[in-house]
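If you want the building blocks of each chain, they are given just below.
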Amino acid sequence: MSGTKSGGHADDPFQEGGGSLLRQPMAVWATAGASVVAFMGIGLVDPILPSIARGLHASNSQVSLLFTSYFLITAFAMLVTGFVSSRIGGRKTLLAGLALVVVFAALSGMSGSVGELVGFRAGWGLGNALFVSTSLAVIVGAAAGGSAAAILLYESALGLGMACGPLLGAILGDLKWRYPFFGTAVLMAVGFVAITAFLKEQPRPARKTSLLDPLRALGHGGLASAAVAAFFYNYAFFTVLAFTPFVLDMSPYSSGGVFFAWGVLLAVFSVLVAPRLQHRFGSLKVLGGSLLLLAADLLVLGYGDHTTAVVCTVLSGAFIGLNNTVFTELALGVSDAPRPVASAGYNFVRWFAAAAAPFLAPKIEEWTDLHVPFVVAAAAAVAGAGIVAVRRRALTIEAAELEPRHAAQDGVSAFAN
């Protein structure tokens, strides 16, 4: 498989603007801090899924709908966020998203049935989509010292949130499964106050985004190929995130520790390792190789003993981090569509897999046995690698065109990861 020799990153992500990374206005720190909490919300429920199932007398497949409702709404919200932010501005979009998360996270903690909890998670997903789809552009717009340091700060917030979400869920969930939801509501309320106090309104884009622009962008063969390949990859990704906690069947603390280590590897490989591998081997070779390694890891996870399953769960974070970075860069650079529009269309497709996997994996286990969900997830990862190989010409772009670190200047969110 061919690809650019430069993944679009500088060989050292700390080199450009690295000196100004910590010298940022309070508006940047307020938004970055809220971003950490927003990303924590994705994996927050991981270590407490079994506890929620017991507390609400629900089956594994019913509890997994917490992810399904969250990401199904997120998928459709991708068509709306650009429409909203281009009309009311970034600051108001951030505050609207935060307010929705505060309300629906608190309501989640008060749920009396799994149906209520699933519904409240859907509202939470809408709020999170509004926030994270806008926050990177806001950070870069408010940052001092160039965009590179600001984007690195945002990517670090993403990784920290993905790593700390399960840990917070474990600490609070060990006391009671409802507490992580209340904790998130409190933290996001603090973020709301901080952004209200420190962030001024950012300039609005010259052109307003329509609801259909992201769908029109998918008419480009390269972007459509990246989106479909990412769809299969996301199925594998969210089988790990949403189904593995039931397989590990550990205490909230132990499960939280496993997924904290998983999140650390995800962050390190996404921010530090992926740029170097892309620079050496090219984006498509890195992507195809990491997808096949993820497939192998999933097969070993599904058929290994408990210790092996723990090791493979943590190790999958490395492959997921690589895939996240390269897929995002391909989606943003492969077509001539404005990057926010390309990102929205790409995310609209791939988040459907994030909604499907948490529901289908427990169902497949019920219909067959514990191993088959991981076989299906591994097959999905291989399918993604196959699409990358077959469509490599459509996905190959010149190094000069692949500049993900400039994407924020067009208002793109790193949540495309």
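Chemist: Which parts of the structure should I look at to understand helix α9 (residues 221-248)?
Modeler: Helical geometry: 3.6 residues make up each α-helical turn, so side chains three or four residues apart lie on a common side. In this model, α9 (28 residues) spans 40 Å end to end at C-alpha, consistent with the 40 Å of a helix rising 1.5 Å per residue. Approximately 40° is the largest bend angle found in α9, and it occurs at Ala242, with the proline Pro245 only one to four residues beyond. By the criterion of burial, α9 is predominantly enclosed, with 23 of the 28 residues buried. Looking one or two residues past α9, Asp249 carries a phi angle of roughly 50°, positive in sign.

Chemist: What am I meant to see in the environment of Arg391 here?
Modeler: Secondary-structure assignment places Arg391 in the loop between α14 (372-390) and α15 (392-395). Using a relative accessible area of 35% as the deciding quantity, one classes Arg391 as partly exposed. Remark: the alpha-carbon pair of Arg391 and Gly221, spanning 170 residues in sequence, is separated by 8.9 Å. In this structure Arg391 touches Gly221, Gly222 and Ser225, once residues within four positions along its chain are discounted.

Chemist: Could you clarify how one ought to interpret unusual backbone geometry in this entry?
Modeler: For residues that are not glycine, phi is negative in most cases, and the peptide bond is trans in most cases. The phi angle at His57 is positive, at roughly 55°, despite the residue not being glycine. In this fold, His57 is placed in the loop between α2 (49-55) and α3 (60-88). According to the relative accessible area criterion, His57 is exposed, its value standing at 75%. Even without a glycine there, the phi angle at Asp249 is positive, about 50°. With respect to the helices and strands, the residue Asp249 is situated in the loop between α9 and α10 (252-281). For Asp249, a relative accessible area of 56% translates into the label exposed.

Reading the values: the criteria
Residues numbered from 1 in each chain as written. Predicted model: local features only at pLDDT ≥ 70, side-chain atom pairs only at ≥ 80, totals over all residues. Heavy atoms only, no water. Helix = DSSP H or I, 4+ residues; strand = E, 2+ residues; numbered from the N terminus. Expected span 1.5 Å × (residues − 1). Bend = angle between axes of the 7 residues up to and from the residue. Buried < 20%, exposed > 50% of the residue type's maximum accessible area, 1.4 Å probe, protein only. Contact = heavy atoms within 4.5 Å.

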